[in-house]
Every structure is written in structure tokens, then in C-alpha cells.
Amino acid sequence: MIKRTNLFFLLILAISFTFTSCKKEPGCMDPNSLTYNPDAKKDDGSCIYAYDIALGTWNMNPDCEDYTIPVIGTTVSLNDQLPESIYVQGDDGVDDLFIDIDGTQISGTIDYNGNVLVHSQTISIDMGFGPMDIDVSGSGFISSENSGNMNLTYSFDIDLIPGFPISESLDCSITLTR
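Residues numbered from 1 in each chain as written. Predicted model: local features only at pLDDT ≥ 70, side-chain atom pairs only at ≥ 80, totals over all residues. Heavy atoms only, no water.

**Q** Even after reading the chapter, I still don't get the environment of Phe164, so can you show me in this structure?
**A** Along the chain, Phe164 falls in strand β12 (residues 164–177). Apart from the residues within four sequence positions on either side, Phe164 is in contact with Ile158 and Asp159. (Helix = DSSP H or I, 4+ residues; strand = E, 2+ residues; numbered from the N terminus. Contact = heavy atoms within 4.5 Å.)

**Q** Help me understand the environment of Asp135, please; the structure alone is not making it clear to me.
**A** Mapping Asp135 onto the fold places it in strand β10 (residues 131–144). The class for Asp135 is partly exposed, based on a relative accessible area of 34%. Along the chain, Asp135 and Thr153 lie 18 residues apart, while their C-alpha atoms are 8.0 Å from each other. Not counting residues up to four positions away in its chain, the partners in contact with Asp135 are Gln121, Thr122, Thr153, Tyr154 and Ser155. A distance of 2.5 Å separates a polar atom in the side chain of Asp135 from a polar atom in the side chain of Thr122. (Buried < 20%, exposed > 50% of the residue type's maximum accessible area, 1.4 Å probe, protein only. Polar contact = N/O pair within 3.5 Å; in protein donor to acceptor, adjacent residues only side chain to side chain.)

**Q** What is the right way to look at the pairing of strand β6 (residues 85–90) in this model?
**A** On a regular strand, one side chain projects to one face of the sheet and the next to the other, so that they alternate. Of the pairings in the sheet, the one linking strand β3 (residues 56–64) to β6 comprises four bridges and is antiparallel in character. Within the sheet, the bridge partner assigned to Asn59 lies in β6 and is Ser85. Relative to strand β7 (residues 96–101), β6 runs antiparallel, the two sharing four bridges. What sits directly across from Val88, in β7, is Ile99. (Pairing = 2+ DSSP bridges.)

Set out below in C-alpha cells:
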């Protein structure tokens, strides 16, 4: 009888151990997500993707270098030329982003970790004395649904004396919030 009781006790213990050790930890199981949990054994739908949180309207707080036009001495603030907000659009889940800065579209990409890259491209911006072709490039990071940053470099030629353009480059650090 004692053998049977011990055997029964061991069987109950083995079954209990089997069920308790199989408990699946919930979480995001997609390694491409910002909220990936490598210990998760059961996907609970909590995955958040950098691409998705980058889309939409962002408030801009630029901190750009000022430009003083040679000979004339007029100072132009790029901070004053940029809008208060930008609108970020995407291409339906692909890593391409389109950043609308006051009607001018800058294209970029975003990776799974939230790193944004703006490859060098020429855009037209009015810096206060008519539209100018400006090369823009840079990088940034979307750190959460409500914050990020962008560092852009604006390069341009200004032709004060016809035939003698002056090349300039301004750095602009932009804090993004919602």
C-alpha cells in the first residue's frame, strides 16, 4: 500500500511539475519590434514598430545655426524659416518615410530600432529672399511614440555676385515631440 501511495504521490508531483513548467511568458515575439521580449513564449499583441510610431504630425523645436549673408550683413535664421510642425508619411509598412516640411517633401528611411536616415537630396526652401535649391541630409532617432530628434545639414550656394557663388553649410538640430 505504501508503494502505491508513493507512486501515486510521484505521479501527481510529475504532472504538477509538467503543467507549471510549461507556463508561457506573454510578450512581443517579433525581433523587429521596439518592444521585442526574447523571453516571451506567447505573443500577446504588444509589438510596437518604429515605422508605425514615426508616422503622423510632430512638433518641431529647431536649434539651427544662423546665416549672415556676406557683404550685405543680413542675418537669416533657419529656425524662423522652418514650420512649427512636420508631417511624416510612409509607404504602407515599408521602411521609407516622407517628411513634409511646410510643403517641401524630404525622403528618408527608418530601421527597426527607430534610426532615421535622410540621404542627401536637393529641395527648394525660401529662406526669406526667394526660393533656393538647398541640399539636405542627416539622421535622427524616434525614441518613443512622443519623442525623437533629427540632425540635418543644409548646404547651399548663394550667388551674391553673378558668376561667383559662395558655398555655405548650416547645421540644424531638431527636437521632435507630440
